[in-house]
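Geometric and topological summary
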Amino acid sequence: MKQCPACGGSRHYGLSDGRLKCRACGKRFTWTSIWDSVRLPGTSKHRLLELFVLGVPSYRQRFRSDTTAATRERFYRLVRACCAMVEQLREPFEGALELDETTFGGARKGKRGWGAAGKVIVFGLIKRNGQVKAMPIAAHDRASVMQQIDAHSREGSLFPYPFHVSFLAYLTFVEPVVGVTMMTMPVWHQLPTSRAARLLVLALLAALLKGVVGMTFLYSFFMAQPPPLGMLSWSQFLFEFLALGLLAGLAWETFGSQPVSTNRPSSAT
C-alpha cells in the first residue's frame, strides 16, 4: 500500500513529475514497488520467481549467466519478505484445524530433540481445504503454542485428529486389552482376597508390564521441560494403563471369574 512516510496516510495526489502528495500533511514522496526495485529485465524476474515457486535453491542456479548469486539471493529475500507480510495480513482460521510442529536445521552433534542447538522450531496450522500457516516459535512449550493458536485461529475452532490417525490409535490399543485379559485369567485367583487390593494389584501389574511406571519417573528428568512438568506429561500413559488394568479386573470379576471350589473329593478307602 502506498503510504506517506511522514504521517502514514494512504490518501494522496498524483503529481506531474511522477511523485505523490499526501492529502493529510502535504508531504511529497516517491513510491516504488518491490517488483520495480529489482533492476533486472522482466523475463529474468519472472524466471527467478518461477524457480522460487518450484523450490530450486540459489546455488543450483550458479550456471545462469543473466544474474549473479548476490542478485538472486536478494531477490529471493524480497520474495520471502513479501510472503511473510501477506501471511501476517491473512484472516485467522476457523472451523476444523490441524496442528503440528517440527524442527528445521542441519544435523549436528550434541543434544537431540526440541532443545537441540541450531534447530528452529516451526509451528503450523492446517485448514482442511489446504490453507497453511507456519511460523517459528521460541520454545516448544504450552505458552508459545497457545500464543500462536490464539493469534491465528478464531474462537470456537475445532482441532480434531484426522480419521486415519484416530482409527489407527484405537486399533493399536486392542493389543494391550487382549494382553491384560490373558494376564488376568491365570492370576485372578492368586491375587489378594480383598476386592480393592485385588483390583489395585491388577492395575499396577498392567502398568508394570507395559513399562510406563519407571518411564514416568525416570524419563521426565531427560526432557527439555522441568522434571515435574515432564512427569505430569508422561503420567497420562501411566493412568491409561492403570485404568486398563482396573477395568479389566472389573470386567473379569463380573463376567469371567468362576468361584474356586475348596471341597476336594475324598479318596477312595
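A few points on the structure. Owing to the predicted nature of the structure, the values given are computational and were not obtained by experimental measurement.

**Comments concerning the side chain of Lys 45**
The residue Lys 45 is located in helix α2 (residues 42-54) in this model. Here Lys 45 occupies a buried position and makes no salt bridge, while the nearest side chain of opposite charge, Asp 36, is found at 4.7 Å. Here Trp 35 takes part through its backbone oxygen, which lies 2.8 Å from a polar atom of the side chain of Lys 45. Lys 45 has contacts with Trp 35, Asp 36, Val 38, Leu 40 and Phe 75, leaving out every residue within four places of it along the chain.

**Brief notes about the pattern of salt bridges**
Inspection of every chain in the model, using the stated rule, returns six salt bridges. Residues Arg 19 and Asp 17 are paired through a salt bridge, measuring 2.8 Å at the closest nitrogen-oxygen approach. Using a relative accessible area of 47% as the deciding quantity, one classes Asp 17 as partly exposed. The residue Arg 47 makes a salt bridge to Glu 50 at a minimum N-O spacing of 3.2 Å. Remark: Glu 50 and Arg 47 occur in helix α2; sequence separation between them is three residues, near one turn of the helix. In the salt-bridge network here, residues are joined through shared partners; they are Glu 91, Glu 94 and Arg 154.

**Some words on the pairing of strand β6 (residues 132-137)**
Side chains on a regular strand alternate between the two faces of the sheet. Here β6 shows a buried face lined by Lys 133, Met 135 and Ile 137 and an unburied face lined by Val 132, Ala 134 and Pro 136. The pairing of strand β5 (residues 120-127) with β6 spans six bridges and is classified as antiparallel. Within β6, the residue paired with Ile 121 across the bridge is Ile 137.

**What about the sheet that holds strand β1 (residues 12-14)?**
Ordered in space as β1-β2-β3, the three strands form an open sheet in which the pairing is antiparallel. The outermost strands of the open sheet, each flanked by one partner alone, are β1 and β3 (28-29). Of the strand pairs in this sheet, β1 and strand β2 (residues 20-22) are connected by three bridges, and their pairing is antiparallel. If you follow Tyr 13 over to β2, its bridge partner there is Lys 21.

Definitions and limits used
Residues numbered from 1 in each chain as written. Predicted model: local features only at pLDDT ≥ 70, side-chain atom pairs only at ≥ 80, totals over all residues. Heavy atoms only, no water. Helix = DSSP H or I, 4+ residues; strand = E, 2+ residues; numbered from the N terminus. Buried < 20%, exposed > 50% of the residue type's maximum accessible area, 1.4 Å probe, protein only. Lys, Arg positive; Asp, Glu negative; His and termini not counted. Salt bridge = Lys/Arg side-chain N within 4 Å of Asp/Glu carboxyl O. Polar contact = N/O pair within 3.5 Å; in protein donor to acceptor, adjacent residues only side chain to side chain. Contact = heavy atoms within 4.5 Å. Pairing = 2+ DSSP bridges.

Structural measurements only, silent on function.
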